[in-house]
Amino acid sequence: PTPITPKTTMEGRWVLVLYIAATCLVNSLRASSEPGKYLVTSPRSVVPGVPYTLTAQIVADAPGPVTFTAFLEDNYYDSNGHQYVYVNLTSAASGTVSPGDLLTLTIPIPEDISSHNTGRTRLHVRGTGGLQMEETYNVAVKSEAVTVMVQFDKQAYNPGDIVTFKTFAFHLSDMTPYTGVYSVAIKAGNYELKSWSSSAGQAINTFTYPLDTHTILGSWTVVTSSNTRGLMSKKSHSFHVQSSSSTAEKTASIDVQVQLPKTINSSTDLTGSFSASWPMGVGVSGTAEVSLTGNGGTVKQTLQFNGSETFTFDMSSLTSRDTVVRVAVTEAETGLKGAGQASVQVYERDVKIQFTEQTPSVFKPKLPFTFHVKITDNADEPLLVPADSPYSTVHVNGVGHYERTSPDSHYGRSTFSGSYPILAVTRTLPLSGLVKVDLDIPEDVTRIDLRVTFQGVQKSLTLNRATLSDSDTYLQLQLLGDVPAVTDTQSQDVRFQISASDILNNPVVQLVSRGQVISAERPTLTNQKSTTGVFTAEFTVTLTWAMTPAVEVIVYNVIDRDHVIGEIATDSMLLKVEGLLENTVTVSADRDSVQPSETVQLSVQTRPGSHVGILVSEDSGASSQSLTKDQITSLMARGGAIPLEASATTQRNEAATFAKSQLFMMDGRGRHSSSVISSITERPYSGPGTVSGVENLIFFETNTTGSDGRVEFSVTVPDKVTTWSVHGFAFDDTGRVGVVEQPITIKSGYEVYGEVLGADHMTSGEYVILTAYIRNTRTTDSQVTVTLRPGSNVQSLSTAGQGTGQQQDVLVPAKGSRQVFFAVTSAPGAVLTATPVGVEVDVVSGASKQTIPFSFTVFPEGVEYTFTKSDMVGVDGHVTETLSVSAPKEAIPATTTQRAIVTDSLVDLVNAELDEDILEEGTGPAAFLHLALNVLVARSQPARRQEMVPRIELAYQRLMKFRSGNGFRLYPGQSNQNTWMNIAAMQLLVEANQYIYVDESLVTGPLYSMLPYYNDPRLLSAHDFYPMSSELARDALYSLVAKEVATVVSVHASGSSRPDQYDRLMTKVQKVVLQANHSGVEDPLTLSYLARVTAAYGATDNSTKFLNKLMASQAQANASSDVIFWQSNPNDTSNYFGYVSRDLVTAANAVRLLTAAGRGEEADKVATWLFRQRNVNGLFKTAWDTVEATQALMAYSQTQTQGNLHLDTPFTGMLPFVKDGQVTNFTASGQGHVFSQVEVKYHLTDDVGEAPFEIVPVVLDESLNHLNLMVCSRWLLDDKDSGVTVQEVNIPSGFKATTSGLGSTSGIISVIQRNDTAFTIFFNRVGRDSTCYTLRCDRAHPVAHTAAAFIVTRSLDNPEFHDIASYQPRRLMESTVCDLCPQCCP
């Protein structure tokens, strides 16, 4: 390697402080220093809590011993003295060394060192005695000394689950457990829901968090951090929350294995095979699609198979080296699917040539050079070519390149270059495939091109000469033999050879691992030789467990000549040392095969006193455990700043020896700021990761082993036929860590077992045919009894030509399967509530029994509607009220249910409706409404903040689906509506930001677009609403301005980055609103908004004037004894407010104003009328109306006196139907208000009243298993517009529709799939001309006697505009069980 000279600059993670000459004056050390007198090596970075080790030696004669003192210091700015002052961060380490000896100093580093450093920490080294020196160098303090791992007890959670996780922390330097205190928090999105602190003194901490039943779906995080600066980095550990799993999870999965050769020749065909089986070993028969993908595209073939099959592909058209074969199978009986894949390497020739890691990356003048070549097939397997074969010859060629300088001439000196052959040899390939070639390199060669050829395959390598040394001295390190693995109790010796072009003058060997200098010594040299100017010697290094997972071996030799002062020759090598996980962990089970729901005893054997974690998950070839072998190796390497490389040894480039060895070199001539030389990047640490990529983690628990090193766990496997894999890890208090390197598997299943498949829903009166697939894993035929046990509201069909009986006996062949069919229908007279009902199938064979649950939903015939009656009753003493509501006479008998809510808290009423989760998520207005109501509840009940925050976050995420730029597109194609809703959304998000993180641009963005320009005091929305063509237009404009002003006030109050603009805006708008002449305004809605905005500005007189005028406008014709309300102007067609219900919003504004003004009697009457306008699920007419009205009513209810109000019969929930018009009474006493709501749900088969839509469904190409459905829609009203229209389409039970092409139909803006047989289509609008689309429907499950299917169409903004259409394919209606299931009718 290149000797280090004053001209050589390099930088790494270690600092090499080099040769400062001693002088008699300490204060002039740097100026008078003479290089070459001493050598100090030290880490360039400091790890909190890890001792900082440095070495020192005298490299030239000194009159006596030298005392070195070292410490770390940092500076701060002294404002009094106006200068930076350095203070010690650590205690000093001191020691004395004599010439020729080595000194090691260790500085203790506190774990909280980062909390004291300013980023200007430096190492200060001072030498006194026989040598005077003083030097400093800046070092980096690492920000992490401890890492925290998080292990969850499940792969994914459902709403309502309890999240349980454990944390365990380790010191990065030695993997000993950290038992101090750190912070743990759980977050949904960007909001922290709960935080904890770990318990001091505990290696493992356990935390739990109950999920709300309406919690946020998607990725959650657990965040670990520490308040101690520099102790640990803030890390996020992810887990997943998903919708509740269905019963389909219990269906066994098909395991598909694909077998391919590792490599093939591109000129040959690819032949492979696959097998498919159920978890318990029963083979699958069916159809397989085999696809091969390469650069030439994808080639597919379809095969029929029975358990397994082979396939062949022509590879001539594919050029990809990596080719993937994927097999997707479909079982013939069940239609269930499975898939597997494998890859193959494709080569033109199956020969692979590699220069091994033992080949140096540079060559060194005067030293022998040997390179090593490995020749194998492309799978790294030996070629096994006979030695006497003509194809066993390896050709090795080399070309040397030189640069020469011409003698001085008349034109001066010049340099010219050239090349010539320096190597041409042949070798016979040995069985090992390893070829060693020695090369004599001429001294004038500066670069070598090597080429190895075997059987037409070539491999080239270019080598450069090491940087020239001023003293023409070089050194080379070579590993002799392999690197053996170590254990914590057994070290291993490794032999090295040093080659040098100068006498080996007591070379020094340093070993660096895990951020520390493990040792620095002069080794005992053996086998020393000298041949033609090359000096060689061997030495031994003892590898210990402290050097795992990698150790840097650094050797350097000080040049001792009269004309050379302090120059050194050096080389290094990185060794990957196996044996890090010496805590061997083995796991065993009391059996390897169980029946579902049985308990397995697991036994773990490891070191005594170890903390053990055991995980059981579905076998998928991966583990969900956070502490793995790779993870530990990465952590240890990271803590020590030692990069791991793929090979066991790495020969270093001598020009970068110190840089790559993490050493830094400096001298007394100011080379501290020298350039970086090819530093090594650490292997990135990916964190503990997420459990979402692993199948079904079902069990995680920890325990501590006793004195025998054993601990046991009991695991109850779920009711699922599959294979479970058992993983685990262990660690003890001394840093000994281990993992289960060979996980065990446990098969869970029955000797005879089954699955049940069928439609997941049906309409009353239909016949659903269920198929039980019985599988026999035994080697003999089995007699099996299969029994159907219907649940509530479901009955089995008789065997008289209409289906099977409830019990059947079948003979299932060995390693085979049989089908058993049942037909069920709804029970006569059953009350159907559209909730899942179930059946159970028992499979009994001898002592083996399996009960298979299966559930589906039975829907009543027709379309469900809801009628709601709300009332607010004032109580002053004692009141008894009757709640009664009836379904219309057109309702289908026995389909009516009632739901009643009675409460003295309006907030509880709104919250009860949210608990029902009844808001439609498929529309923008519904998403807006969901967020608004959740924020209202949270604001009204501060004590429920923790409960409401996840709901608000979930609602916010739903709303974000409709984001468009810096606003929302809640109403596709409706600019007026979107303008109003974006104004409302701005207000809403400002309020939501008190509970969750909200994107500020969604508030500031729309607001910027409304800022005035020039001298125009108007506010501008997305469109310029300022047509002065009529009084109504002017009134609408003023109302819009007032509303926008209220928005700006709200935003301004919350803080803004542009306060000056907002202030100017406020001044202008205030002038317009408060000083403009509004004497001609008569519109109630405009008056109500003007009253609100003037009140917001404190203009009480103006507000009172507008409010009085508003109240007078109703008194002339619309006042009644108990309510006050305003009627909308039927001639108002300006549509400035989109589809806002003017009467509802006017009343809402009036309630706010009257309540604030203390006009209680009037407020009571307006609030009573407003509350009675509530309809289904507590909503009003539109999303805007609902938010405005609910806000007003909540503000009103919170100001009312509830004087010891007592409800004798408060209740919430669904009431079972007895008969239409059931009477419910409640009694209240005291003082206050009682809020009640009664809903009746019923089914209709046709609309009541005049229909605004014409919907025509037409069935085409009908057969038992296929039909095409064409639906045409048009609008019938001339004086109104349909607006955004929602069409809910149902297709016949047992069928599945293809909706992929609907998005291209004119007028359709989106399609939402509800389930296989129901989906929703959104139209921008439905016009007077018909809009038609066609659906292809194919049978997915056998359902006979198919009922009519319905199509419901309604206006999104005017729900009273709706229509029902139905269709019933005749062939399906007349179908019988025997038509669809011949096996059911013998």
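Quantities reported herein were computed from a predicted structural model and do not represent experimental measurements.

Conventions used here
- Residues numbered from 1 in each chain as written.
- Predicted model: local features only at pLDDT ≥ 70, side-chain atom pairs only at ≥ 80, totals over all residues.
- Heavy atoms only, no water.
- Helix = DSSP H or I, 4+ residues; strand = E, 2+ residues; numbered from the N terminus.
- Buried < 20%, exposed > 50% of the residue type's maximum accessible area, 1.4 Å probe, protein only.
- Contact = heavy atoms within 4.5 Å.
- Areas by Shrake-Rupley, 256 points an atom, 1.4 Å probe, with all protein chains shown as cover.
- Pairing = 2+ DSSP bridges.
- Axes fitted to C-alpha atoms, helices over the stretch in contact; angles between N-to-C directions.
- Expected span 1.5 Å × (residues − 1).
- Parallel < 35°, antiparallel > 145°, perpendicular 65-115°, else oblique.
- Left-handed = near helix turned anticlockwise from the far one by under 90°.
- Nonpolar A, V, L, I, M, F, W, Y, C, P; charged D, E, K, R; others polar.
- Phe/Tyr/Trp six-rings, centres within 6.5 Å; stacked < 30°, edge-to-face > 60°.
- Lys NZ or Arg CZ within 6 Å of the ring centre and 35° of its normal.
- pLDDT = per-residue confidence, 0-100.
- Disulfide = S-S within 2.5 Å.
- Salt bridge = Lys/Arg side-chain N within 4 Å of Asp/Glu carboxyl O.

1. Overview of the overall build of the chain
- Within the chain one finds 17 helices and 81 strands.
- The proportion of buried residues among the 1386 residues of the chain is 54%.
- Of the contacts formed within the chain by residues at least 6 apart in sequence, a portion of 71% connects residues at least 24 apart.
- Working note: accessible area of the chain is about 57200 Å², and carbon and sulfur atoms make up 47% of it.

2. Observations regarding the sheet that holds strand 74 (residues 1285–1290)
- Strand order across the open sheet formed by five strands is 76-77-74-80-81, with antiparallel pairing between neighbours. Looking at strand neighbours, the two that pair on one side only are strand 76 (1308–1315) and strand 81 (1362–1367), the edges of this open sheet. Taken pair by pair, the neighbouring strands of this sheet meet at an average axis angle of 15°, ignoring direction.

3. Considering helix 6 (residues 945–960)
- A rise of 1.5 Å per residue sets the reference length of helix 6, with its 16 residues, at 22 Å; its end C-alpha atoms lie 22 Å apart and thus fit the reference within 8%.
- Here helix 6 has its buried residues at Met948, Val949, Pro950, Arg951, Ile952, Glu953, Leu954, Ala955, Tyr956, Arg958 and Leu959.

4. Some points on the packing of helix 13 (residues 1142–1157) against helix 14 (residues 1160–1172)
- Axis separation between helix 13 and helix 14 bottoms out at 9 Å; the angle between their running directions is 150°. Put simply, helix 13 runs roughly antiparallel to helix 14. Crossing angle aside, the handedness with which helix 13 passes helix 14 is left-handed. Contacts between helix 13 and helix 14 pair Asp1143, Leu1144, Ala1147, Ala1148, Ala1150, Val1151, Leu1154 and Thr1155 from the former with Glu1162, Ala1163, Val1166, Ala1167, Trp1169 and Leu1170 from the latter.
- For the contact of helix 13 with helix 14, a count of residues per class yields eleven nonpolar, one polar and two charged.

5. Topic: the sheet that holds strand 36 (residues 457–465)
- Within the open sheet, the five strands sit side by side as 30-36-35-32-33. Their pairing is mixed. Each edge of the sheet is formed by a strand with only one pairing partner; in this case those strands are strand 30 (362–363) and strand 33 (415–428).
- Pairing of strand 35 (residues 445–454) with strand 36, which is carried by eight bridges, proceeds in the antiparallel orientation. Bridging across to strand 36, Asp449 finds its partner in Thr462.

6. Details of the packing of aromatic side chains
- Applying the stated criterion across every chain, the model contains 26 aromatic pairs.
- The interplanar angle of 50° and the centroid separation of 5.8 Å between the aromatic rings of Phe152 and Phe165 together place this pair among those described as tilted. With Phe152 in strand 12 (residues 146–152) and Phe165 in strand 14 (residues 162–171), this residue pair connects regions lying 13 residues apart in the sequence. Each member of the pair, Phe152 as well as Phe165, carries the same accessibility label: buried.
- Aromatic side chains Tyr209 and Trp220 sit 6.3 Å apart centroid to centroid with 50° between the ring planes, which places their arrangement in the tilted category. You can see Tyr209 sitting in strand 18 (residues 204–210) and its partner Trp220 sitting in strand 19 (residues 218–225), a full eleven residues away along the chain. Across the pair, exposure class does not vary: Tyr209 and Trp220 are buried alike.
- An aromatic cluster of three or more residues is present, and its members are Phe152, Tyr157, Phe165, Trp196, Phe207, Tyr209, Trp220 and Phe239.
- Lying over the aromatic face of Tyr86, Arg122 brings its terminal NZ or CZ to 3.5 Å of the ring centre.
- The aromatic ring of Tyr402 is capped on one face by Arg404, whose charged end is 4.0 Å from the ring centroid.

7. Re the confidence of the model for the chain
- The pLDDT averaged across the chain works out to 78; a share of 79% of its residues lies at or above 70.
- Long-range and interchain partners of residues 1–35, a stretch whose pLDDT sits below 50, account for 160 contacts in this model, where long-range means more than four residues apart.
- Scored below 50 in pLDDT, residues 1052–1058 shows eight contacts in the model against residues more than four places distant or in partner chains.

8. Topic: the state of the cysteines
- Tallying each qualifying case throughout the model produces three disulfides.
- Here Cys1272 engages in a disulfide with Cys1332; their sulfurs sit 2.1 Å apart. Sign of the S-S torsion, about 115° for the bond between Cys1272 and Cys1332, identifies this disulfide as right-handed. Separated by 60 residues along the polypeptide, Cys1272 in strand 73 (residues 1266–1275) and Cys1332 in strand 78 (residues 1331–1339) bring together distant segments of the chain.
- Residue Cys1272 is classed as buried on the basis of its relative accessible area of 14%.
- The disulfide bridge from Cys1378 ends at Cys1385, spanning 1.9 Å between sulfur atoms. The chirality of the disulfide connecting Cys1378 with Cys1385 is left-handed, given an S-S dihedral of about -90°.
- The class for Cys1378 is partly exposed, based on a relative accessible area of 25%.
- The cystine pairing of the chain, numbering bonded cysteines in sequence order, is 1-2, 3-6, 4-5.

9. A word on the pattern of salt bridges
- With the rule as written, the count across this model stands at 30 salt bridges.
- Close ionic contact of Asp1278 with Arg1328 constitutes a salt bridge, the shortest N to O distance being 3.2 Å. Within this pair, whereas Asp1278 is found in the loop between strand 73 and strand 74, its partner Arg1328 is found in the loop between strand 77 (1318–1323) and strand 78, the two being separated by 50 residues in sequence.
- In this structure Asp1278 comes out as exposed when scored by relative accessible area, which is 66%.
- The structure contains a network of salt bridges with shared partners spanning Glu331, Glu755 and Arg775.

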